[in-house]
Amino acid sequence: MSPKLVLESIKKALGIKEDHMIISGPCSAESEEQVLNTCRLLADTGKVHMLRAGIWKPRTRPNSFEGMGEKALPWLIKAGKETGLPVTTEVANAQHVEICLKYGVDVLWIGARTTVSPFAVQEIADALKGVDIPVMVKNPINPDLELWVGALERINQSGIRKLAAIHRGYSSSELTSFRNAPMWDMAVHLKTMIPDLEIICDPSHIAGARDLVPLVAQKALDLHINGLMIESHHQPDAALSDAAQQLKPSAVGKMLSSLVYRKPSSSNSEFVDQLENLRGKIDEVDEKLLENLSIRMKIAEQIGQYKRENQVTILQVNRWSELVADRVAKGRALGLSENMLSTLLDLIHKESIERQNGSTV
Ligand code: PEP
Ligand code: MN
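Now for a description of the structure that goes with this document. (Residues numbered from 1 in each chain as written. Chains lettered and ligands numbered in written order. Predicted model: local features only at pLDDT ≥ 70, side-chain atom pairs only at ≥ 80, totals over all residues. Heavy atoms only, no water.)

Brief notes about the environment of S232
Then comes step 1: Summarising the element assignment, S232 is placed in the loop between β9 (227-231) and α11 (249-258).
Then comes step 2: When the C-alpha atoms of S232 and D242 are compared, they prove to be 9.9 Å apart, with ten residues separating the residues in sequence.
Then comes step 3: With residues near it in sequence (within four places) discarded, S232 still touches S24, G25, P26, T38, L42, Q246, L247, K248, P249 and V252.
Then comes step 4: Polar side-chain contacts of S232 include one of 2.8 Å to the backbone oxygen of L247. (Helix = DSSP H or I, 4+ residues; strand = E, 2+ residues; numbered from the N terminus. Contact = heavy atoms within 4.5 Å. Polar contact = N/O pair within 3.5 Å; in protein donor to acceptor, adjacent residues only side chain to side chain.)

Listed below in structure tokens is the structure:
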């Protein structure tokens, strides 16, 4: 898949010089006054490049506010015309696509609850055949990279080349201070798989709470994400959906001014030299790591053979539990995280067992 740089092309068309695309607007369009007020104030910050508002809202439980539907679309279109900014909204089925095209929405996005469903994504893809409109695909609710890539591919195969992804965090049973676990490695992985794909972060749905939004936004920028989608409401506490995470437009402006925007590289020669030097050290350490792993596996093979000759079972749980406890303690004393240590030891153990079995060469 070779997507076009959709954000770059929109920025170019609008004459935006910043490296990052900033999308902001209410979670849901609730009334004409709310959409226009919020969007005007956001445009006044001079830092927002695209306006968002949910017209149809996928809600976890029935009888919650499910969006105003088609009648709210003219409010968003009006806000776009008044401010001169492009507008984007979420589509979850073919009918949403048709309505958005009829009203002239500039960019569409597919929500996290839709990305999980190949049938729904295919329906949207079919409705988009022959249409030239940028589409942003949010990650699925569950941390399944294949589903995310699959949804992008379905839209791509319908002829849409202007594609971007939105990283909005993942549902997790683990208790964290965030509404959705960030799992940044998913976005990094996606970028590695499709290097030309621009990725936007939605810190609002990751954070779930107003005061955590700037922290998540900064982390996203530090990872060199291509833009941010931030929920904003002129009266956040009165919002009909996602009240806890929406920021006032003035708070969005303040946050955007205080974030540190890093560049992907620098031409400062001292910086370049020092970076080369440190990367050289990393290369050396990695080589030693690989050599040591190879030595370790060869020893495992020898042990396997020895055990076989002496009719002793391969798996010796006690020895392994003791070893893990010992290595985790030692690793932690060296400043390594328990999570990384246990994942790494697990992988090593799996491979060692296979080697001892003689099943891998
Ligand atoms: C939203 O952007 O308001 C939304 C519903 O997001 P998500 O699909 O990420 O839950
Ligand atoms: Mn929302």
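More follows now that the structure is in view.
What to know about helix α1 (residues 6-14)
Then comes step 1: All of the buried residues along α1 are V6, L7, I10 and K11. Across the axial projection of α1, the buried residues extend over an arc of 130 degrees, all falling on one side. Exposed and facing more than 90 degrees away from the buried side of α1 are K12 and A13.
Then comes step 2: On its buried side, α1 packs onto β1 (4-5), β2 (21-25), β3 (50-52), β5 (107-110), β7 (162-167) and β8 (198-201).
Then comes step 3: One or two positions beyond α1, positive phi appears at G15, with a value near 75 degrees. (Buried < 20%, exposed > 50% of the residue type's maximum accessible area, 1.4 Å probe, protein only. Arc of directions from axis to C-beta.)

Some words on the site of ligand 1
Then comes step 1: Around ligand 1, the neighbouring residues are C27, R52, K57, E90, W109, G111, A112, R113, K138, R168, H205 and E231.
Then comes step 2: With respect to ligand 1, the side chain of K138 contributes an N or O atom lying 2.8 Å from an oxygen atom.
Then comes step 3: R168 has a polar side-chain atom sitting 2.6 Å from an oxygen atom of ligand 1. (Near = heavy atom within 4 Å.)

Describing the coordination of the manganese ion (ligand 2)
Then comes step 1: For the manganese ion (ligand 2), every protein donor is listed as C27 (SG), H205 (NE2), E231 (OE) and D242 (OD), and the spread of their distances is 2.1 to 2.4 Å.
Then comes step 2: Along the chain, the residues that donate to the manganese ion (ligand 2) are spaced as C-x177-H-x25-E-x10-D. Note that C27 is positioned in the loop between β2 and α2 (32-44) and E231 in strand β9, a separation of 204 residues in sequence.
Then comes step 3: By relative accessible area, which is 1% here, C27 ends up buried. (Donors = N, O, S within 2.8 Å, 3.2 Å for Na, K, Ca; no water.)

A closer look at the pattern of salt bridges
Then comes step 1: If you walk through the whole model with that rule in mind, you get 16 salt bridges.
Then comes step 2: Between E301 and R355 there is a salt bridge, and its shortest N-O distance comes to 2.6 Å. In this pair, E301 sits in helix α12 (residues 269-309) while R355 sits in helix α14 (residues 338-357), placing the two residues 54 residues apart along the sequence.
Then comes step 3: Between R327 and D326 there is a salt bridge, with its nearest N and O atoms 2.6 Å apart.
Then comes step 4: Overall, R327 belongs to the partly exposed group, its relative accessible area being 34%.
Then comes step 5: A relative accessible area of 27% places D326 in the partly exposed class. (Salt bridge = Lys/Arg side-chain N within 4 Å of Asp/Glu carboxyl O.)

Brief notes about unusual backbone geometry
The phi torsion of most residues other than glycine is negative, and most of the peptide bonds are trans.
Then comes step 1: Positive phi, normally seen in glycine, also occurs at N63, with a value near 70 degrees.
Then comes step 2: Considering the arrangement of structural elements, one finds N63 in the loop between β3 and α3 (73-83).
Then comes step 3: Residue classification places N63 among the exposed residues on the basis of a relative accessible area of 79%.
Then comes step 4: One non-glycine residue with positive phi stands out, namely H224, at about 65 degrees.

What about the nonpolar core?
Then comes step 1: One finds I155, L190 and L228 to be the most contacted residues of the largest nonpolar core, which totals 66 residues.
Then comes step 2: For this core, the leading source of residues is helix α7 (residues 145-157), giving six residues.
Then comes step 3: Setting aside residues no more than four positions away along its own chain, L228 makes contact with M21, I22, I23, I200, C201, P203, A217, A220, L221, L256 and L259.
Then comes step 4: Core analysis: the next-biggest nonpolar cluster, separate from the first, contains 13 residues, M21, M136, A164 and I200 among them. (Core = buried A, V, L, I, M, F, W, Y, C linked by side-chain atoms within 4.5 Å.)

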